Amino acid sequence: MQAVQYVVEGWGVGELYLGDGRLLWHELPAARRPGEIDMHPLAERFRAYFAGERDDFGDVELDLEWATLFQRAVADALRAVPYGEVVTYGELAALAGRPNAQRAAGTFCAGNRFPLVLPCHRVVAAGGLGSYGSLGTRYKRRLLQLEGVAL
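A brief report on the enclosed structure follows. The model shown is predicted, which means the values in this text are computed figures rather than measured ones.

1. Focus: the packing of aromatic side chains
This model, assessed by the stated rule, comprises 10 aromatic pairs. A centroid spacing of 4.3 Å and a plane angle of 20 degrees characterise the contact between Y17 and W25, whose relative ring orientation is stacked. With 5.1 Å between their ring centres and 80 degrees between their planes, F46 and F57 make a pair best called edge-to-face. Of the two residues, F46 is situated in helix α1 (residues 41–50) and F57 in the loop between α1 and α2 (69–80); the sequence distance between them amounts to 11 residues. Comparing F46 with F57, the two get one shared label, buried. Cluster of aromatic residues (ring-pair linked, three or more members): Y6, W11, F46, Y49, F50, F57, Y83, Y132 and Y139. The ring of F70 has R98 lying over it, and the distance from NZ or CZ to the ring centre is 4.7 Å.

2. Focus: the environment of G97
Structurally, the position occupied by G97 is in the loop between α3 (89–95) and α4 (102–110). Using a relative accessible area of 56% as the deciding quantity, one classes G97 as exposed. Separated by 23 residues in the primary sequence, G97 and V74 place their C-alpha atoms 8.6 Å from one another.

3. Details of the pairing of strand β3 (residues 22–30)
Among the nine residues of β3, seven are classified as buried, and the element is accordingly described as predominantly covered. Relative to β3, strand β2 (residues 12–19) runs antiparallel, the two sharing six bridges. Bridge pairing in β3 links L16 to H26. Adjacent in sequence and paired antiparallel, β2 and β3 are bridged by two residues, among which D20 carries a positive phi angle near 55 degrees.

4. What to know about the nonpolar core
Ranked by internal contacts, the top residues of the largest apolar core, which has 43 residues, are L16, L23, F50, L78 and L92. Listed by contribution, the elements that provide at least two residues to this core are β1 (2–8), β2, β3, α1, α2, α3, α4 and α5 (136–146). The contact partners of L23, leaving out residues within four places of it in the chain, are L16, Y17, L18, L42, V60, E61, L62, D63, F114 and V117.

Conventions adopted
Residues numbered from 1 in each chain as written. Predicted model: local features only at pLDDT ≥ 70, side-chain atom pairs only at ≥ 80, totals over all residues. Heavy atoms only, no water. Phe/Tyr/Trp six-rings, centres within 6.5 Å; stacked < 30°, edge-to-face > 60°. Helix = DSSP H or I, 4+ residues; strand = E, 2+ residues; numbered from the N terminus. Buried < 20%, exposed > 50% of the residue type's maximum accessible area, 1.4 Å probe, protein only. Lys NZ or Arg CZ within 6 Å of the ring centre and 35° of its normal. Pairing = 2+ DSSP bridges. Core = buried A, V, L, I, M, F, W, Y, C linked by side-chain atoms within 4.5 Å. Contact = heavy atoms within 4.5 Å.

As far as function goes, none of this settles anything; it's purely spatial.
As structure tokens, this is what we get:
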């Protein structure tokens, strides 16, 4: 496994974990002390995204061997949500082929190991913004604002 840290001005330090040519998981930039910063093409793309460059990361191969068929369908549905748009958890579940599985779709988002590549910040609650794990709603709102979405 290869661990790569990257720094994004105004956001903090993020981390990528790669193995066998796939992204195993990544951490969004947050306030933490940087270690040794490595140059990696995907880290450069993440930095560019945080600087406002559009990228759907559709070519990034993910480690989804652990995922169920439904979780893989949710992952595919997340990748299909365009930059600058949002869907509700119910809409995400329907896009994944299970229209009544909004809670399961939300559970997948809560444990998402690829938050930029599978953009869970683009999934909102039916009545508002919804949560965003340990980084919180402020971070989620900031990501959406970066993409031009105002909630």
